[in-house]
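A look at the structure
What follows is the residue order along each chain.
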Amino acid sequence: MDTPFSTLIRVASHEAHSEAETSTFMSDLLGGRLGVDAYTRYTEQLWFVYRALEEAAEALRDDPVAGPFIQPELMRTAELERDLTHLYGGAGGHPDGDADTHNGNGDCDCDCDCDCDWRTGLTPLPATAAYAARIAECARDWPAGYVAHHYTRYLGDLSGGQIIRDRAEKTWGFANKGDGVRFYVFEEIPNPAAFKRGYRELLDRVEVDDLEKQRIVEECKGAFAFNSAVFHELGARFPLSA
C-alpha cells in the first residue's frame, strides 16, 4: 500500500465525516438556533462515548497496535465532567430543565427527588449506547478497530471541535476556554498542528497488513455513522421551532 495510511483513512472517510459534520442538529446548534439545553444534552452523549474510549485505555497501553495512541494529554473525561457539573450546577442547570433551582454553589433548592448530581438517572440515547458499546467491543476484541474510533474522535476534537468551542462561548456566554467548554481545551497540547502531524505519523507506522488497514478504514466510516446517528436522535429531541 503506497499511499500513507493516514491519507488513506482521511480520504476514504471524507464523505462519512462530512455527513456527520453537516447534520441538521449540528447546523442548528452551531448556528445559535438551539438553547443551551441542547448543548448540554450533546455534552452528555460525549461523556458516554469518552468514558468507553478512556476506560479501555489502560488495558491497551501495551498493545502493539493501539498502545502508541494512548496518550494522557488527549484524555477528555475529566474535562467533560467539569463541563457537565457547570452546565447542571454552577451555571444554574437542572435535569428537569428548570434554570432557577440551583444557587451559585451548585446546591439544589428544588423540590424534586434528585440529588443534583448530574450523573443521577443519566442515560445515553440509544444511538450513543450503541456507539459506546462498539468502542468497548473493539477495545476488548480488536485493538486495531479501537484505533479507528480513537482517530475519529480525538483528531476531530483538535480540529473541528475548536469551532464548536468558539460558537458555544459566543452563543451561551461561556468564559473563553472556561467551564462549559473545557472539553475542547487541550491544555497539555500547546501546538495542535504539530501534535496532529505526529499522530498521523503514528498511523503511518501501524504494523498491520493492507487487509487489516482496510478494515480499520471501514471501522472509521462506521464511527462516523455512529456519530451521525447520535446527531439524528438529538435532532429529533431538539427540533428547530418554526
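For the structure, check the block above.
Keep in mind it's a predicted model, so treat the numbers as computed, not measured. (Residues numbered from 1 in each chain as written. Predicted model: local features only at pLDDT ≥ 70, side-chain atom pairs only at ≥ 80, totals over all residues. Heavy atoms only, no water.)

1. Quick notes on the pattern of salt bridges
What the rule picks out here adds up to 15 salt bridges. A salt bridge links arginine 82 to aspartate 179, with the shortest nitrogen-to-oxygen separation between them at 2.9 Å. With arginine 82 in helix H6 (residues 77–90) and aspartate 179 in the loop between helix H9 (161–172) and helix H10 (192–204), the pair connects residues that are 97 residues apart, well separated along the chain. A relative accessible area of 44% means that arginine 82 is categorised as partly exposed. On the basis of relative accessibility, which here comes to 26%, the residue aspartate 179 falls in the partly exposed class. Between arginine 134 and glutamate 137 there is a salt bridge, with the nearest N and O atoms lying 2.9 Å from each other. Linking arginine 134 with glutamate 137, this pair stays in helix H7 (residues 126–141), spanning three residues, or about one helical turn. The exposure class assigned to glutamate 137 is partly exposed, which follows from its relative accessible area of 32%. (Salt bridge = Lys/Arg side-chain N within 4 Å of Asp/Glu carboxyl O. Helix = DSSP H or I, 4+ residues; strand = E, 2+ residues; numbered from the N terminus. Buried < 20%, exposed > 50% of the residue type's maximum accessible area, 1.4 Å probe, protein only.)

2. Considerations on the packing of aromatic side chains
Using the criterion set out here, one finds 15 aromatic pairs in the structure. Centroid distance tyrosine 50 to phenylalanine 183: 5.2 Å. Interplanar angle 70°. Geometry classified as edge-to-face. Residue tyrosine 50 is located in helix H4 (residues 36–55), and its partner phenylalanine 183 is located in the loop between H9 and H10; the two are separated by 133 residues in the primary sequence. The two residues tyrosine 50 and phenylalanine 183 agree in class, both being buried. Feature note: the residues Phe25, Tyr42, Phe231 and Phe238 constitute an aromatic cluster, connected by ring pairs. In this arrangement the basic side chain of arginine 76 is found over the ring face of phenylalanine 186, its NZ or CZ atom lying 3.8 Å from the centre. Over the ring of tryptophan 142 we find arginine 215; its NZ or CZ atom is 4.0 Å from the centre of that ring. (Phe/Tyr/Trp six-rings, centres within 6.5 Å; stacked < 30°, edge-to-face > 60°. Lys NZ or Arg CZ within 6 Å of the ring centre and 35° of its normal.)

3. Remarks on the environment of alanine 148
Locating alanine 148 in the fold gives a position in helix H8 (residues 143–158). For alanine 148, a relative accessible area of 0% corresponds to the buried category. Along the chain, alanine 148 and glycine 222 lie 74 residues apart, while their C-alpha atoms are 9.0 Å from each other. Leaving out residues up to four positions away in the same chain, alanine 148 has contacts with Ile216, Glu219 and Cys220. (Contact = heavy atoms within 4.5 Å.)

4. Description of the environment of arginine 41
Tracing the backbone shows arginine 41 in helix H4. Distance in space between the C-alpha atoms of arginine 41 and proline 124 is 9.4 Å, their sequence separation being 83 residues. The residues contacting arginine 41, other than those within four sequence positions of it, are Leu122, Thr123, Leu125, Leu234 and Phe238.

5. Describing H7
The terminal C-alpha atoms of H7, which comprises 16 residues, lie 22 Å apart, in line with the 22 Å expected from a rise of 1.5 Å per residue. Buried within H7 are the following residues: Ala127, Thr128, Tyr131, Ala132, Ile135, Cys138 and Ala139. For H7, the arc enclosing every buried residue in end-on projection is 135°, short of the 170-degree limit, so these residues lie on one face. Facing away from the buried side of H7 by more than 90 degrees, the exposed set consists of Pro126, Arg140 and Asp141. Of the surrounding secondary structure, the elements contacted by the buried residues of H7 are H4, helix H5 (57–60), H8 and helix H11 (210–237). (Expected span 1.5 Å × (residues − 1). Arc of directions from axis to C-beta.)

6. Observations concerning the packing of H8 against H10
At a minimum axis separation of 11 Å, H8 and H10 run at an interaxial angle of 165°. Between H8 and H10, the angle is such that the two are roughly antiparallel. At the point where H8 passes H10, the crossing takes the left-handed sense. Each of Val147, His150, Tyr151, Leu155 and Leu158 in H8 lies in contact with H10, whose residues at this interface are Pro192, Phe195, Lys196, Tyr199, Arg200 and Leu203. In the contact of H8 with H10, the residues fall into eight nonpolar, one polar and two charged. (Axes fitted to C-alpha atoms, helices over the stretch in contact; angles between N-to-C directions. Parallel < 35°, antiparallel > 145°, perpendicular 65-115°, else oblique. Left-handed = near helix turned anticlockwise from the far one by under 90°. Nonpolar A, V, L, I, M, F, W, Y, C, P; charged D, E, K, R; others polar.)

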